[in-house]
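# Structural description and commentary
These are the residues of each chain, in order.
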Amino acid sequence: MGALVLSGCASIPFDQTAQPASKAAITQSDDDDWDQLNAQLRSDLSRYNSREIARRPSVAPTATTARARDKEFADRARALFAPLGSLALSMPVVGVRIRDLSDSWHDPRDGGSRVHKGIDIFAPRGTGVVAATDGIISYIGDQPKGGHCLWLTTESGTSFYYAHLDRWAPGLYEGMEVQAGDLLGFVGNTGNAKNTPSHLHFGINQNDEMVNPYPLLARATPTQHARLHVELGGGFGTR
C-alpha cells in the first residue's frame, strides 16, 4: 500500500466506540504535511482492508490449487495496483467543466522557494466539493496553509487532497466510506488562500509521491450535483 501518504492525521476511527486519537500539531506546508503520518495511515489502511476481508469473505482466496491461487492473487494485484491513469474520476467541484481547468502543477510558490503540488480549481464560495472516486475519509482537519482540508483514500492507497475548504459537509467523519459524487464540503479560501479568490486545491498522492492531477481531471466526468449521505438503520446510504 505504498501510496497511503496523507496529510497530518489521527487514526481512522473504524471502531466507533473507541476514543479518537489526538491530532498532532502540523507546522509544515500543505504540500508536505502528509509525510509526518505516513506510517500511521499505512496502519489504518491495513486495518481497513483486514476489516473488509472479514466482512466480505469472498475477498479471501477461493482457489484450491497452488497454481490457481497464484493466478487469483496476481489478478487481484494487477487490479489493486492498476496505473493511476486508468482510474476514472468525477470532477471534484460541482459545475466545473474540463475547459475551466488550468494546469498549475509545479507553478512557483512563495517567491520560487517551492512549487505547487496540485492544481487550483476556481469556483464561487460555497460550491459543492465531492468525492472524485470511491474511498474512505482518512483525514479531516485544519492545516496552517491548507486551511480546512481533508484526505480521501482509495482501497489501493491512492490519496486525494482537498484544501482551502470553506467548511466540511455535515456528518462527515474520519473513516467514513464514500462514493464518487458524495458531498465532502464546500469551496472556500481558508488557510493561506485567504487573499485569493475561492478555489479548491486538489492534489493526488500515489506511491509516496505527489502527481499532477491535471491529466486525470482532463478526462473526468463533470459533476452536475452532489449526493448527500443519510443514515439508514445504522449504516450510511446516499440521496
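The structure this text deals with has already been given above.
The structure contained in this document is the topic of the report that follows. Since we're looking at a predicted model, the values are computed, not measured. (Residues numbered from 1 in each chain as written. Predicted model: local features only at pLDDT ≥ 70, side-chain atom pairs only at ≥ 80, totals over all residues. Heavy atoms only, no water.)

### Re the overall build of the protein chain
Counted only if it meets this: For helices the rule is a DSSP run of H or I covering at least 4 residues; for strands it is a run of E covering at least 2, with both sets numbered from the N terminus onward. Type-normalised accessible area, obtained with a 1.4 Å probe on protein chains alone, sets the label of each residue: buried when under 20%, exposed when over 50%, and partly exposed for intermediate values. Here a residue-residue contact requires only that any non-hydrogen atoms of the pair lie within 4.5 Å. Using the Shrake-Rupley algorithm and a 1.4 Å probe, accessible areas are obtained, with residue cover drawn only from the displayed protein chains.
Counting its regular elements, the protein chain contains 3 helices and 13 strands. For the protein chain, with 239 residues in total, the buried portion stands at 46%. Counted over contacts in the protein chain with a minimum sequence separation of 6, partners at least 24 positions apart contribute 70%. In the form shown here, the protein chain has an accessible surface area of approximately 11600 Å², with 53% of it arising from carbon and sulfur atoms.

### Examining the pattern of salt bridges
Formally: Salt bridge, as used here: a side-chain nitrogen of Lys or Arg that lies within 4 Å of a carboxyl oxygen of Asp or Glu.
All chains considered together, the criterion is met by 4 salt bridges. Of the charged contacts, one joins D166 and R125 as a salt bridge, the two residues approaching to 2.9 Å between their closest N and O atoms. Residue D166 is found in strand β7 (residues 159-168), and its partner R125 is found in the loop between β3 (119-122) and β4 (128-130); the two are separated by 41 residues along the sequence. Among the residues examined, R125 registers a relative accessible area of 47% and is labelled partly exposed. Close ionic contact of D166 with R167 constitutes a salt bridge, the shortest N to O distance being 2.9 Å.

### Here's the deal with the nonpolar core
Selection rule: To define a nonpolar core, start from buried Ala, Val, Leu, Ile, Met, Phe, Trp, Tyr and Cys residues and group those joined through side-chain atoms within 4.5 Å.
Core analysis: the largest hydrophobic core is formed by 36 residues, its most contacted members being I121, Y162 and F202. Contributing elements (two or more residues each) for this core: β3, β5 (135-143), β6 (147-153), β7, β9 (183-187), β10 (199-206) and α3 (214-217).

### Quick word on the pairing of β9
Keep this limit in mind: Note: two strands are recorded as paired if DSSP finds a minimum of 2 bridges between them.
Burial of β9 is extensive: 5 of the 5 residues sit out of reach of the surface. Here 3 bridges tie β4 to β9, and the two strands are oriented antiparallel to one another. In the sheet register, G128 faces β9, and the bridge partner there is F186. By the bridge criterion, 3 bridges tie β7 to β9 in an arrangement that is antiparallel. Residue pairing across strands places W168 opposite G185, the latter belonging to β9.

### Quick notes on the packing of aromatic side chains
Rules: Only the six-membered ring of Trp is used, alongside the rings of Phe and Tyr, when aromatic pairs are assigned; centres must lie within 6.5 Å, and planes under 30 degrees apart are stacked while those over 60 apart are edge-to-face, with the rest tilted. Any Lys NZ or Arg CZ that is within 6 Å of a ring centre and within 35 degrees of that ring's normal is treated as a charge sitting over the ring.
Here the structure, examined in full by the defined rule, presents 3 aromatic pairs. Considering the side-chain rings of Y162 and F202, the 5.3 Å spacing of their centres and the 85 degrees angle between planes classify their relative orientation as edge-to-face. Of this pair, Y162 sits in strand β7 while F202 sits in strand β10, and the two are 40 residues apart along the sequence. Taking relative accessible area as the criterion, F202 reaches 0% and is therefore assigned buried. Three or more aromatic residues link up through ring pairs in this structure, and these residues are F160, Y162 and F202. The ring of F186 carries R167 above its face, with NZ or CZ at 4.0 Å from the centroid.

### Quick notes on unusual backbone geometry
Unusually for a residue other than glycine, H164 sits at a positive phi of about 70 degrees. Structurally, H164 is set in strand β7. Even without glycine at this site, N207 takes up a positive phi of about 50 degrees. Its place among the elements puts N207 in the loop between β10 and β11 (209-211). Residue N207 is classed as partly exposed on the basis of its relative accessible area, which comes to 49%.

### Quick notes on the environment of V211
Residue position: V211 is located in strand β11. The partly exposed category is assigned to V211, whose relative accessible area is 23%. Linking V211 and K117, residues 94 residues apart in sequence, is a C-alpha distance of 7.3 Å.

### A word on the environment of M176
Topologically, M176 is positioned in the loop between β7 and β8 (177-178). Distance from M176 to G135, taken between C-alpha atoms, is 8.4 Å for residues 41 residues apart in sequence.

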